[in-house]
Amino acid sequence: MSEIINNTYKLLDILDKSSLIKNLTKYKTRLLNNNEILNKIKDTKKEKNTDKLILKRKELYSNNDYKMYMKYYNELSLIVLKINKKYSEYINLKEHSCGI
């Protein structure tokens, strides 16, 4: 079991040093320092009208920092999804079940 844990920590270390995480962090920092974009994001989260929401999201995606942040965020999410799926296969985990 310790081999699995050690290799998991190695994976996390490699991920921490990866260009994916570096770029994700870079664009996140840029966004956090941009009040205009932060306000647009908050505004988008409050929008109930679908047509207006689409327009607001298009406006957000016209910002390169936001677009790049989302690109790297989605890449990381996909990696996490694949890892979780694999773990679920190993332990035969089903929804609303402990897998035993």
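Counting restarts for each chain, with residues numbered from 1 along the sequence as it is written. Predicted model: local features are reported for residues with pLDDT of at least 70 only, side-chain atom pairs are reported and counted for 80 or more only, and whole-chain, interface and lining totals are derived from all residues. Water and hydrogen atoms play no part in the side-chain values, which are based on all heavy atoms of the structure.

A.B. asks: Please explain the confidence of the model for the chain as it appears in this structure.
C.D. replies: Looking at any residue, its pLDDT shows the predictor's confidence there, from 0 to 100. On average, residues of the chain score 91 in pLDDT, and 91% of them are at 70 or above. When pLDDT is averaged over each element of the chain, helix H2 (residues 19-32) comes out on top at 97 and helix H1 (residues 2-17) at the bottom at 91. Going along the chain from the N terminus, every DSSP run of H or I of four or more residues is numbered as a helix, and every run of E of two or more is numbered as a strand.

A.B. asks: Can you walk me through the pattern of salt bridges in this structure?
C.D. replies: When the charged atoms of two side chains lie near each other, side chains of opposite charge can form a pair. Every case where a carboxyl oxygen of Asp or Glu lies within 4 Å of a side-chain nitrogen of Lys or Arg is listed as a salt bridge. On inspection of all chains with the given rule, the structure shows six salt bridges. Ionic pairing is found between Lys40 and Glu36, a salt bridge with its closest N-O pair at 3.4 Å. Of this pair, Lys40 and Glu36 both sit in helix H3 (residues 35-46), four residues apart, which is roughly one turn of the helix. Here the salt bridges do not stand alone but share partners, grouping Glu36, Lys40 and Glu59 into one network.

A.B. asks: Looking at this structure, how should I read a nonpolar patch on the surface?
C.D. replies: A cluster of nonpolar side chains, contributed by Leu11, Ile79, Ile83, Tyr87, Tyr90 and Ile91, occupies part of the molecular surface with about 570 Å² of accessible area. A per-element tally of the nonpolar patch places helix H5 (residues 64-91) first, with five residues. Turning to its location among the elements, Tyr90 is positioned in helix H5. Only protein chains enter the area calculation, which uses a 1.4 Å probe; residues under 20% of their type maximum are buried, those over 50% are exposed, and those in between are partly exposed. Given the relative accessible area of 60%, Tyr90 is considered exposed. In this scheme, patches are assembled from residues that exceed 30% relative accessible area and form no salt bridge. Like charges are connected within 9 Å, while nonpolar side chains (Val, Leu, Ile, Met, Phe, Trp, Tyr) are connected within 5 Å. For accessible areas, the Shrake-Rupley method is used with a probe of radius 1.4 Å. Any residue's cover is judged against the shown protein chains and nothing else.

A.B. asks: Whenever I open this one, the side chain of Asp65 confuses me. Can you help?
C.D. replies: Mapped onto the secondary structure, Asp65 falls in helix H5. Apart from the residues lying within four places of it in its own chain, the contact partners of Asp65 are Tyr27, Arg30 and Leu31. Here, two residues are considered to be in contact whenever any of their heavy atoms come within 4.5 Å of each other.

A.B. asks: Is there a simple way to explain the nonpolar core in this structure?
C.D. replies: For soluble globular proteins, the rule of thumb is that nonpolar side chains tend to be buried together. Of all hydrophobic cores here, the largest spans 13 residues; its most connected members are Tyr69 and Tyr72. Looking at this core, the elements that each hand over two or more residues are H2 and H5. The dominant element in this core, judged by the number of residues it contributes, is H5, at six residues. With residues near it in sequence (within four places) discarded, Tyr69 still touches Leu24, Tyr27, Lys28 and Leu31. We define a nonpolar core as any set of buried Ala, Val, Leu, Ile, Met, Phe, Trp, Tyr and Cys residues linked to one another through side-chain atoms lying within 4.5 Å.

A.B. asks: What's the story with the side chain of Glu47 in this structure? I'm lost.
C.D. replies: Along the polypeptide, Glu47 turns up in the loop between H3 and helix H4 (50-61). Classification of Glu47 as buried rests on a relative accessible area of 18%. Here Asn49 takes part through its backbone nitrogen, which lies 3.1 Å from a polar atom of the side chain of Glu47. Under this definition, polar contacts are N or O atom pairs within 3.5 Å; protein pairs additionally need one hydrogen-donor-capable and one acceptor-capable atom, and for neighbouring residues in sequence, both atoms have to be side-chain atoms.

A.B. asks: Explain the packing of H1 against H2 to me, please; I cannot follow it from the model alone.
C.D. replies: Between two packed helices, both the angle of their axes relative to each other and the distance between the axes serve to describe the pair. Each axis is a line fitted through C-alpha atoms, taken for helices only over the stretch in contact, and angles between the N-to-C directions span 0 to 180 degrees. Put simply, H1 and H2 touch, their axes get as near as 4 Å, and they point 50 degrees apart. Put simply, H1 runs oblique to H2. Contacts between H1 and H2 involve Leu15, Asp16 and Lys17 from the former and Ser19, Leu20, Ile21 and Lys22 from the latter. Note on residue classes: Ala, Val, Leu, Ile, Met, Phe, Trp, Tyr, Cys and Pro are nonpolar, Asp, Glu, Lys and Arg are charged, and everything else, Gly too, is polar. Class assignment for the residues of the contact of H1 with H2 results in three nonpolar, one polar and three charged. Each angle gets one of four labels, with under 35 degrees taken as roughly parallel, over 145 as roughly antiparallel, 65 to 115 as roughly perpendicular, and the rest as oblique.

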